[in-house]
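# Architecture and fold: a report
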Amino acid sequence: MKTIGEVAAELGVEAHVLRHWENVGALTVRRDRNGYRIYDDSALEQARTVLKLRRVGLSLPEVTSAMSPTKSAAQAVVRAKIAALEDEVVHRQQAITFLQHTVECRHRYLDDCPDCATFVREA
């Protein structure tokens, strides 16, 4: 059993973050008879999962859904996040391609370059 302070230190987050996760339903923590939160192995593992899901880009509502006891609901949220991340990768690669061209472009001003103009017109 660990206290909220011990778990916060172990995960590298502030205690108020763990309380917030609990308040929004992303984390379930037992209380002792004095009302103090006590983190058993299950709660610690759940907190680690919430943290990992947050670090890969899920919002707290998405985290809550991804941790749903209904596997199909959890999978739907994760699939949607995967699609969004893949779309982001495509956009970032396009940005890199454009920026690499601007660095190598022989034109003094980007407006003078037909290739840069093509990049600018793309959505």
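As a starting point, this report considers the structure included with it. (Residues numbered from 1 in each chain as written. Predicted model: local features only at pLDDT ≥ 70, side-chain atom pairs only at ≥ 80, totals over all residues. Heavy atoms only, no water.)

### As for the overall build of the protein chain
Of regular secondary structure, the protein chain possesses 6 helices and 2 strands. Listed by position from the N terminus, the elements making up the protein chain come as α-α-β-β-α-α-α-α. Computed over C-alpha atoms, the radius of gyration of the protein chain comes to 22 Å, more than 25% over the 14 Å expected from 2.2 N^0.38 for 123 residues, which places it beyond the range of a compact globule. In terms of overall dimensions, the protein chain has a C-alpha envelope of 75 × 35 × 20 Å along the principal axes. (Helix = DSSP H or I, 4+ residues; strand = E, 2+ residues; numbered from the N terminus. Rg over C-alpha atoms; globule rule 2.2 N^0.38 Å.)

### Thoughts on the nonpolar core
Counting 23 residues, the largest nonpolar core has Leu11, Leu18, Trp21, Leu27 and Tyr39 as the members making the most contacts within it. Among the elements of the structure, helix H1 (4-11), helix H2 (15-23), helix H3 (41-55) and helix H4 (60-66) are those that each provide at least two residues to this core. Among the elements that make up this core, the one with the highest residue count is H3 (6 residues). Setting aside its immediate chain neighbours within four residues, Trp21 contacts Ala26, Leu27, Ala47, Val50, Leu51, Arg54 and Leu60. (Core = buried A, V, L, I, M, F, W, Y, C linked by side-chain atoms within 4.5 Å. Buried < 20%, exposed > 50% of the residue type's maximum accessible area, 1.4 Å probe, protein only. Contact = heavy atoms within 4.5 Å.)

### Some details on the packing of H1 against H3
Between H1 and H3, the least distance of the axes is 11 Å, while the angle of their chain directions is 40 degrees. It follows from the interaxial angle that H1 and H3 lie oblique. The way H1 lies across H3 gives a crossing that is right-handed. Side by side, H1 and H3 meet where Val7, Glu10 and Leu11 of the first sit next to Leu44, Ala47, Arg48, Leu51 and Arg55 of the second. Each residue belonging to the contact of H1 with H3 can be placed in one class, and the counts come to 5 nonpolar, no polar and 3 charged. (Axes fitted to C-alpha atoms, helices over the stretch in contact; angles between N-to-C directions. Parallel < 35°, antiparallel > 145°, perpendicular 65-115°, else oblique. Left-handed = near helix turned anticlockwise from the far one by under 90°. Nonpolar A, V, L, I, M, F, W, Y, C, P; charged D, E, K, R; others polar.)

### Remarks on the state of the cysteines
All chains considered together, the criterion is met by 0 disulfides. Cys113 supplies the cysteine sulfur nearest to Cys105, a cysteine that is in no disulfide, at a spacing of 3.6 Å. (Disulfide = S-S within 2.5 Å.)

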